[in-house]
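# Architecture and fold: a report
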Amino acid sequence: MIGLIPAGGMATRLGPLPCSKELLPVGAFVTPDGMRPRPVITYLLAQWQRASIERALIVVRPGKWDIPAYLGDGRAFGPNLAYVTVHEPHGAAYTLAAALPFLAGETVALGLPDVILAPDDVYATLVAHHTAHQPDLTLGLFPCDHPQTADMVALDGDTRRVTAVEIKPAQTSLRWTWMAAIWSPKVTGVLAEVVAADRLARQQEPHRVELHIGVVFQAAIACGLRVDGVTFPQGSALDIGTPAGWAAVTASNGAPPCLTP
């Protein structure tokens, strides 16, 4: 299994930043030399370390060199890290597709680097489910009360199968959004096909909307792949890449609490 982190975004929603949003400090590390700021991406890396995900790729755009400069090879934070650059600014699916040459035959754990998940064993739970039940795609689902800004997921309550993904619906009765994922090589193939088709369409429509990751999951469902949902009814997913998420962190004085790296 290999981790995959899209970190190619411009963070325009937060306005000008002194660093990449993935490195914004949230809470603190406790070290023998005292407390030090904790970048938000390290919460994801800690989740992966608990899930025994030992290696990961981070996809960055040119200019976000502060991420590899800070994280290095990852040994101080958990998984061994390597970096890929993306040069097509057409959405998160394109960012993921930049890593395609390195994903052949791999089971992929997708992580969102500016989202802090609770409980701290989300990925361990997803890995256990994916290993035991062997779906093509396992989604970690969290309650969501702002569907207009999220990918909302329809879940069959009896089989726990995901039947649809609605991207930022204006109105919906759905209550779950995905915030973590694990997928098989078949879904990597769908990612390649979706991005290739979008790239071709952009030759005629250069101003097409950005390609969301949710479109890839929609295509996986349409292809008949098995998509399972694992719910975390008491869990939370704090996206500090949004003004509301950052405001929530600020209001809580930088919580989550201090943790030992």
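Here's a quick rundown of the structure. Please read these numbers as outputs of a predicted model, since none were measured by experiment.

### Structural notes on helix 4 (residues 122-133)
With twelve residues, helix 4 should cover 16 Å at 1.5 Å per step; its first-to-last C-alpha distance of 17 Å lies within 8% of that length. Looking at helix 4, one finds that the buried residues are Val122, Tyr123, Leu126, Val127, His129 and His130. For helix 4, the buried positions fall inside an angular range of 165° around the axis, keeping them on one side. More than 90 degrees from the buried face of helix 4, the exposed residues found are Thr131 and Ala132. The elements touched by buried residues of helix 4 are helix 1 (41-50), strand 6 (108-110), strand 7 (115-118), strand 8 (137-143), strand 11 (176-183) and strand 12 (227-231). Looking one or two residues beyond helix 4, the residue adopting positive phi is Gln134, at roughly 55°.

### Examining unusual backbone geometry
Cis geometry is found at the peptide bond from Ala118 to Pro119, where omega equals 5°. Note on placement: Pro119 falls in the loop between strand 7 and helix 4. Phi is positive for Gln134, close to 55°, though the residue is something other than glycine. As for its position among the elements, Gln134 is in the loop between helix 4 and strand 8. A residue is classified by how much of its surface remains accessible, and Gln134, at 56% relative accessible area, is exposed.

### Some thoughts on the packing of aromatic side chains
In this structure the tally under the stated criterion is six aromatic pairs. Taken together, a centroid distance of 6.3 Å and an interplanar angle of 70° make the contact between Trp183 and Phe217 edge-to-face. Here Trp183 is found in strand 11, whereas its partner Phe217 is found in helix 6 (residues 213-222), with 34 residues between them in sequence. Joined through ring pairs, the aromatic side chains of Phe29, Tyr70 and Phe77 make up one cluster. Over the ring of Tyr43 we find Arg38; its NZ or CZ atom is 3.9 Å from the centre of that ring.

### Observations regarding the side chain of Asp136
Checked against the element boundaries, Asp136 lands in the loop between helix 4 and strand 8. For the buried Asp136, which has no salt bridge, the nearest side chain bearing the opposite charge is Lys186, at an N-O separation of 4.1 Å. Asp136 has contacts with His130, Ile182, Trp183, Ser184, Lys186, Val187, Leu225 and Arg226, leaving out every residue within four places of it along the chain.

### Focus: the pairing of strand 3 (residues 34-39)
Sheet topology note: the strand 2 (residues 25-31)/strand 3 ladder contains five bridges and is antiparallel. Each bridged residue has a counterpart across the sheet, and for Phe29 the counterpart in strand 3 is Arg36.

### So, the pattern of salt bridges
On inspection of all chains with the given rule, the structure shows eleven salt bridges. Glu88 is the salt-bridge partner of Arg199, the closest N and O atoms lying 2.9 Å from each other. Of this pair, Arg199 sits in helix 5 (residues 185-202) while Glu88 sits in the loop between strand 5 (80-85) and helix 3 (92-97); the two residues are 111 residues apart in sequence, bridging distant segments of the chain. A relative accessible area of 29% places Glu88 in the partly exposed class.

Rules of the game
- Residues numbered from 1 in each chain as written.
- Predicted model: local features only at pLDDT ≥ 70, side-chain atom pairs only at ≥ 80, totals over all residues.
- Heavy atoms only, no water.
- Helix = DSSP H or I, 4+ residues; strand = E, 2+ residues; numbered from the N terminus.
- Expected span 1.5 Å × (residues − 1).
- Buried < 20%, exposed > 50% of the residue type's maximum accessible area, 1.4 Å probe, protein only.
- Arc of directions from axis to C-beta.
- Contact = heavy atoms within 4.5 Å.
- Phe/Tyr/Trp six-rings, centres within 6.5 Å; stacked < 30°, edge-to-face > 60°.
- Lys NZ or Arg CZ within 6 Å of the ring centre and 35° of its normal.
- Lys, Arg positive; Asp, Glu negative; His and termini not counted.
- Salt bridge = Lys/Arg side-chain N within 4 Å of Asp/Glu carboxyl O.
- Pairing = 2+ DSSP bridges.

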